[in-house]
Every structure is written in structure tokens, then in C-alpha cells.
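What follows is each chain in one-letter form.
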Amino acid sequence: MSDAHSSHSDAGSDTGFIKTPTQLIVVVVLAFVIPIAAIFTIIHFVVGGEKPRSTPTMSDKATAERIKPVGSTPDIEKGPSPLVPAPAPVAAAPAATEGGAKPAGGNGKSVYDASCQACHAAGVAGAPKVGDKAAWAPRLGAGVAALQASALKGKNAMPPKGGNASLADDDVKAAVEYMVSQSK
């Protein structure tokens, strides 16, 4: 029996690290908690939340500059739009100049009918319709001289002299005066 007794004592001394049920529970819980905490820590460092935007390439202004539409030119005054076709030249205007009967500076209605009506009667490309007081009111606030200068030089989708380069400056001014008189 002494052999049985001694073999029993050898088995008791070789039980290992875990000796009580409480230690077993702690080891099992830690075996789950530590790897999960490690996984969440790694995910946090990889994903990182919101990163600081201290570099100049990440500023709001730089981002807006990178994503703006191609071909936009906010610093340059807009000329004729490539998306809106220019008004077709009216056959009546060259015929009048060839016959020697060029519209006089005081005949704004005939110039309007020949060159301006194509856009200003229908409101093409944002052109204010003749007779539309609400559309003309802000433009009239700048004065007739400013409107005449815009008509001579062109503005937004309107080309210089309404697309009829053969018109004299006085004819363009007369057409503007006619449109203004019809729109007050």
C-alpha cells in the first residue's frame, strides 16, 4: 500500500497551474477576453477613425479644388457657352447692308427684329425676354449705358453685337434702347 499511497501523492503534486475551480473560471474568461480585446485594438489602429487633416493637401480648399468640374473657370468672365448654339445669322441683315439701306441708328426695332429677336423673344440661354419687366428690372438698375456696353462687348452666352458683327455701334445701342422701352 505504500506504493499506492506514494503514487497518489505524486499525482497530487503534479496537478499543474490551475488548482481550484475559481482559477479555472478566471483562465477561461481571460482566454476569451484577451484575444477579443487584442482584435478590437488592432481594428482601431487599422481603421483609425478620423485622421487629422493638418497637411495642406487635405484642407477643404484643396479638396474642393481637386473635385471641381473639369473646365470650370470661375476667375474668367464667362463667354459664349459651348453647349448653347450661337444664334444663326439672319439673312435679312446682310441683305439690308448689301442694298445700301443699313438700319439707321434711330431704328432700333428693325435691328431688334433682324438680330436680337432670335434670343430675346424666346429667352434663349437666359436672355431677358422683351416686355418681361421682372427680368429687365435688375439690368435696368445698372443703367442703359451699361446695357449698351454689354450688348456691344457680349455677356454670358450673348456674343458681341448679338452675333451680328456687321452692325454699327449706334445700331446696337438703338436696339438696346428699343428693348428697354418695351420692357419698362
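Computed from a prediction, not measured in an experiment: that's the story for all the values here.

S.K.: Run through the overall build of the chain, naming residues and quoting values.
M.R.: Along the backbone of the chain there are eight helices and zero strands. In the chain, the succession of helices and strands from N to C terminus is α-α-α-α-α-α-α-α. Scored against the burial criterion, the 184 residues of the chain give a buried share of 16%. In the chain, of all internal contacts separated by at least 6 residues, the share reaching a separation of at least 24 is 55%. Just so you have it, the chain exposes about 13,300 Å², and 65% of that area is on carbon and sulfur atoms.

S.K.: Explain the nonpolar core to me, and be specific about the residues and the numbers.
M.R.: Grouped together as the largest cluster of nonpolar side chains are 13 residues, with contacts concentrated most on Tyr112, Cys116, Trp136, Leu147, Val176, Met179 and Val180. Elements with a minimum of two residues in this core: helix H5 (108-120), helix H7 (144-153) and helix H8 (169-183). Here Trp136 is in contact with His120, Pro128, Lys129, Val130, Gly131, Leu147, Met179, Val180 and Ser183, once residues within four sequence places are set aside.

S.K.: Outline the environment of Asn156, supporting the account with residue identities and numerical values.
M.R.: Relative to the helices and strands, Asn156 is located in the loop between H7 and H8. For Asn156, a relative accessible area of 46% puts it in the partly exposed group.

S.K.: Now, about the pattern of salt bridges: what can you tell me, with residues and values included?
M.R.: By the definition in use, this model includes one salt bridge. For Lys68, the salt bridge is made with Glu65, and the minimal N-O distance between the two is 3.2 Å. In this structure Lys68 comes out as partly exposed when scored by relative accessible area, which is 35%.

S.K.: Requested: an account of helix H2 (residues 21-47), with residues and values cited.
M.R.: The end-to-end C-alpha distance of H2 is 39 Å, a good match for the 39 Å that 27 residues give at a rise of 1.5 Å each. Gly48 occupies a position one or two residues after H2 and carries a positive phi of about 75 degrees.

S.K.: Just give me the short version of the state of the cysteines, but keep the residues and values in it.
M.R.: If you walk through the whole model with that rule in mind, you get zero disulfides. Just so you know, Cys116 is unpaired, no disulfide at all, and the nearest cysteine sulfur is the one on Cys119, 8.8 Å from it. With relative accessibility at 14%, the residue Cys116 sits in the buried group.

S.K.: Could you give an account of the confidence of the model for the chain, with specific residues and numbers?
M.R.: Low-confidence regions, as indicated by low pLDDT, have predicted coordinates that should not be scrutinised in detail. Residue-level pLDDT values for the chain average 73, and 67% of them are 70 or greater. The least confident element of the chain is helix H4 (residues 92-98), whose mean pLDDT is 43; the most confident is H2, at 93. Below pLDDT 50 for its whole length, residues 92-105 participates in 15 contacts with residues either more than four positions away or in separate chains.

What counts, and where the lines are drawn
- Residues numbered from 1 in each chain as written.
- Predicted model: local features only at pLDDT ≥ 70, side-chain atom pairs only at ≥ 80, totals over all residues.
- Heavy atoms only, no water.
- Helix = DSSP H or I, 4+ residues; strand = E, 2+ residues; numbered from the N terminus.
- Buried < 20%, exposed > 50% of the residue type's maximum accessible area, 1.4 Å probe, protein only.
- Contact = heavy atoms within 4.5 Å.
- Areas by Shrake-Rupley, 256 points an atom, 1.4 Å probe, with all protein chains shown as cover.
- Core = buried A, V, L, I, M, F, W, Y, C linked by side-chain atoms within 4.5 Å.
- Salt bridge = Lys/Arg side-chain N within 4 Å of Asp/Glu carboxyl O.
- Expected span 1.5 Å × (residues − 1).
- Disulfide = S-S within 2.5 Å.
- pLDDT = per-residue confidence, 0-100.

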